[in-house]
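Coordinate inspection notes
This is what each chain is made of:
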Amino acid sequence: MADEIRNGYEQDDWQKHYDENDLAWDLGEVAQPFVRLWEDNLLMPGTLIVPGCGQGHEVIYFAERGFQVTGVDFSPGAVSLLQDSLKRKNLNAQVLHRNFFELEAKHDRAYDALLEQTFFCAIHPDQRPAYVETVSRILKPGGLLFGLFYETGEAGGPPFNTTEADVRNHFSEAFDFDRLEKCTFSSEQRKDKEWLAVMRKK
Ligand SMILES: C[S@@+](CC[C@H](N)C(=O)[O-])C[C@H]1O[C@@H](n2cnc3c(N)ncnc32)[C@H](O)[C@@H]1O
């Protein structure tokens, strides 16, 4: 455990959770704040990418609503759960078995929007600059990042604590903030611990 805290998780550590069906982070449904954003017409159909998508409740929800969705995860367990759900529901979405930070150049400026949920807190804090760099690279100019950032208030991780200042410090150079506020409609287990951000790539 001490090593995990120091170094974060490797791909094998994530896959082990899928092997053991130990998905404590999984809400079992699309995160409700994204439903609100959709109902408020802030999330408009287009190309949408979900990094570290897990079994992909967001991928499914937005594929059902006419978005061209791409889910990315480097754990084979996540990819096969999502592919099975898409098949069962007869839905189309692209599922990429990739390291998000190594997406090929064909993804550059390809996406209108990105959904962040429990991926930024899953990676080691040392990878945060690479996260911002990758997101900036793959979003179109003016592209939107809709994010739920998890303030665990605890040391170590994953999940690694993310404060409002962390979000501002990492994203301000490349993004303008349309919103950054405490989320008032989080799921019960994350109540008062999520920052809802809507950011626009400069
Ligand atoms: C805490 S889980 C969250 C899953 C999903 N977002 C959810 O909320 O249910 C983090 C996910 O990110 C994936 N992941 C971690 N690092 C990754 C990377 N560098 N590239 C792609 N996926 C990654 C893991 O395999 C895992 O499925």
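Below, the structure is looked at part by part. As a convention, each chain's residues are numbered from 1 in the sequence order in which they are written. Totals for whole chains, interfaces and linings use all residues, but because this is a predicted model, local features are given only for residues with pLDDT of at least 70 and pairs of side-chain atoms are given and counted only at 80 or more. Heavy atoms from the whole structure form the basis of all side-chain values; hydrogens and water molecules are not counted.

It is worth spelling out the site of the ligand at this point. Looking at the ligand, there are 17 residues lining it, with Tyr18, Gly52, Asp73, Ser75 and Thr118 nearest. Here a polar contact is taken to be a pair of N or O atoms separated by no more than 3.5 Å, where protein atoms must pair a possible hydrogen donor with a possible acceptor and residues adjacent in sequence count only if both atoms sit in side chains. Between the ligand and the protein, one listed contact pairs an oxygen atom with a side-chain N or O atom of Tyr18 at 2.6 Å. Between the ligand and the protein, one listed contact pairs an oxygen atom with a side-chain N or O atom of Thr118 at 2.5 Å. Considering only residue class, the shell around the ligand consists of nine nonpolar, six polar and two charged. For each residue, the test is whether any non-hydrogen atom lies within 4 Å of the molecule or strand; if one does, the residue is near. Polar here means any residue other than Ala, Val, Leu, Ile, Met, Phe, Trp, Tyr, Cys and Pro, which are nonpolar, and Asp, Glu, Lys and Arg, which are charged; Gly is therefore polar.

We now examine the pairing of strand E1 (residues 47–51). Note on classification: 1.4 Å probe, protein chains only; a residue is buried when its accessible area is under 20% of the maximum for its type, exposed when over 50%, partly exposed between these limits. Only DSSP runs of H or I covering at least 4 residues are called helices, and only runs of E covering at least 2 are called strands; the numbering of each starts at the N terminus. Extensive coverage of E1 is indicated by the burial of five of its five residues. Burial of E1 is two-sided: the residues Thr47, Ile49 and Pro51 facing one way and the residues Leu48 and Val50 facing the other way are all buried. Paired strands, as defined in this entry, are two strands with at least two bridges between them according to DSSP. Of the pairings in the sheet, the one linking E1 to strand E2 (residues 68–73) comprises five bridges and is parallel in character. Within the sheet, the bridge partner assigned to Val50 lies in E2 and is Gly71. Looking down the strands as they point away from the viewer, one classifies a crossover as right-handed if the path from the first strand across the helix to the second runs clockwise. Since E1 and E2 lie parallel, the crossover through helix H4 (residues 57–63) that links them has a hand, and here it is right-handed. Strand direction decides the pairing type here: E1 and strand E4 (residues 111–117), joined by two bridges, are parallel. Following the sheet pairing, Leu48 is matched in E4 by Ala113.

Put simply, two rings from Phe, Tyr or Trp (the six-membered ring, in Trp's case) pair if the centres are within 6.5 Å, and we call them stacked under 30 degrees between planes, edge-to-face over 60, tilted for the rest. All chains considered together, the criterion is met by 18 aromatic pairs. Consider the rings of Phe100 and Tyr131, whose centres lie 6.1 Å apart with planes at 50 degrees: the pair is tilted. Here the residue Phe100 occupies a position in the loop between strand E3 (94–97) and E4, and Tyr131 occupies one in helix H6 (residues 128–138), the gap between them amounting to 31 residues. Note on Phe100: relative accessible area 3%, which makes it buried. For Tyr131, a relative accessible area of 0% translates into the label buried. Each ring, one from Phe119 and one from Tyr131, has its centre 5.9 Å from the other, and the planes form 40 degrees; the classification is tilted. Within this pair, whereas Phe119 is found in the loop between E4 and H6, its partner Tyr131 is found in helix H6, the two being separated by twelve residues in sequence. Within the aromatic cluster, the residues linked to one another by ring pairs are Phe100, Phe101, Phe119, Phe120, Tyr131, Phe149, Phe171 and Phe175. Positioned over the ring face of Tyr150 is Arg190, at 5.6 Å from the centre of the ring. Charges are assigned to positions over rings by a cutoff of 6 Å between ring centre and Lys NZ or Arg CZ, combined with an angular limit of 35 degrees from the ring normal.

Let's shift gears to the side chain of Arg190. Along the chain, Arg190 falls in the loop between strand E6 (175–182) and strand E7 (194–201). The residues contacting Arg190, other than those within four sequence positions of it, are Trp25, Leu27, Gln117, Thr118 and Tyr150. Should any heavy atoms of two residues lie within 4.5 Å, those residues are counted as being in contact.

Next up on the list: the packing of helix H2 (residues 11–19) against helix H5 (residues 76–88). Where H2 meets H5, the closest approach of the two axes is 7 Å, and the angle between their N-to-C directions is 45 degrees. Classified by the angle their axes make, H2 and H5 are oblique. For the pair H2 and H5, contact is made by Gln11, Gln15 and Tyr18 and by Pro76, Gly77, Ala78 and Leu81, respectively. Only the stretch in contact is used when fitting a helix axis, every axis being a line fitted to C-alpha atoms; angles between N-to-C directions are given from 0 to 180 degrees. The labels follow the angle: roughly parallel below 35 degrees, roughly antiparallel above 145, roughly perpendicular from 65 to 115, and oblique for the rest.

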